[in-house]
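Understanding the architecture of this molecule
Given next are the chains, with one letter for each unit.
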Amino acid sequence: GKVDGVLRPLLNGEFVFHIGLLDQGYWPDGAFTAPTDKALLYDIELAKRAGFNVIRKHIKVEPQRWYYHCDRLGLMVWQDMPNLWEPDGEDSVAVRKQFRDELKVMIDQHVSSPAIVMWVPFNENWGAFEATDITAWVKKYDPNRWVNGMSGYNYAPGYRNAYGDPGNGDFVDMHHYGKIEPKAIPRPDDKRAASLGEFGGKGLFVRGHMWPVRNDAYEMMLNREILTDTYVLMLTELEQMINYFGLSTAIYTQTTDVEHEINGLVTYDRKVEKMDLEKVKYINQEVIRCTRKK
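Model, not experiment: these values are computed from the prediction. (Residues numbered from 1 in each chain as written. Predicted model: local features only at pLDDT ≥ 70, side-chain atom pairs only at ≥ 80, totals over all residues. Heavy atoms only, no water.)

**Notes on helix α5 (residues 224-245)**
Taking 1.5 Å of rise per residue, 22 residues should cover 32 Å, and α5 covers 31 Å from first to last C-alpha, within 8% of that figure. Those residues of α5 that are buried are in contact with β4 (14-15), β5 (18-23), β13 (193-200), β14 (202-203), β16 (247-253) and α6 (277-291). One or two positions beyond α5, positive phi appears at G246, with a value near 85°. (Helix = DSSP H or I, 4+ residues; strand = E, 2+ residues; numbered from the N terminus. Expected span 1.5 Å × (residues − 1). Contact = heavy atoms within 4.5 Å.)

Now the structure itself:
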């Protein structure tokens, strides 16, 4: 709905800024599978404890238990459809049918979870095909949720032509890992709100808690204090983008370190908190509070 002339996502009739975490749900001892229910719950509680109100479940579908915890604790979920390039790089009618079939299964399996507020069919042009048509189909199949046809349409691998902005759905979604500034922020239009589907990606080495590969991030920080202060600054800059350029959502990369990616709030083994989470919570809640329009 329009709030002061800007199209915004509404929660119970009010604009509430979506500040979320990109969550890949990997585990060093089980890959896709959490070792215990307590561990499964930990990542969700971490997001809530740090003041985030959204989890973007990235390129993975979790067991129903995970969504139950989000329902119970009151966290919104953006659910990605897992998508990669075609098997052996071969596009075909069969591959496209399989994708559509599995997309429908994902929606059918989790349609009863109130925490899920958005479906994301494609990410950054990965394996993207017929994105405009698929976005329209998802919206028709589940008209009660938002659809973000391609999160980060401005990104592409480089060795494959990008599908680009599908032009429909509920959000204009771009990704940006550099300085928070107007030229990097998507603008809303008459039919879609503006979404920063991924940002941040700030890394920190924590010796003794890294996967045994070359570890990296979009930008490395010197220590916990600088990482935390950098996050606070980014959120303060995002507040300007919300108030003056129509931004409505932002997803920080990411919940935990994941193998070579060391840009999490915590290490891959979940043993070290890499930021001052009280400061993170404070700035998240302040930005949400200051951007609410009564």
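**Describing the environment of Y155**
Structurally, Y155 is set in the loop between β11 (150-151) and β12 (171-175). A residue is classified by how much of its surface remains accessible, and Y155, at 25% relative accessible area, is partly exposed. Leaving out residues up to four positions away in the same chain, Y155 has contacts with E124, N125, H175, H176 and Y177. (Buried < 20%, exposed > 50% of the residue type's maximum accessible area, 1.4 Å probe, protein only.)

**Points about the sheet that holds strand β7 (residues 76-80)**
Pairing within the open sheet is parallel, and its eight strands lie in the order β10-β8-β7-β6-β5-β16-β13-β12. The open sheet terminates on both sides in strands that have one partner only, identified here as β10 (146-147) and β12. Taken together, the two bridges between strand β8 (residues 116-120) and β10 define a ladder with parallel strand orientation. Along β10, the bridge assignment pairs W119 with V147. (Pairing = 2+ DSSP bridges.)

**Observations concerning the packing of helix α1 (residues 37-49) against helix α2 (residues 64-73)**
It is the contact of α1 with α2, at a shortest axis distance of 10 Å, that shows an interaxial angle of 40°. Relative to α2, α1 is oriented oblique. For the element pair α1 and α2, the recorded crossing hand is right-handed. Residue-level contacts link D37, L40, L41, I44, E45 and K48 of α1 to R65, W66, H69, C70, R72 and L73 of α2. (Axes fitted to C-alpha atoms, helices over the stretch in contact; angles between N-to-C directions. Parallel < 35°, antiparallel > 145°, perpendicular 65-115°, else oblique. Left-handed = near helix turned anticlockwise from the far one by under 90°.)

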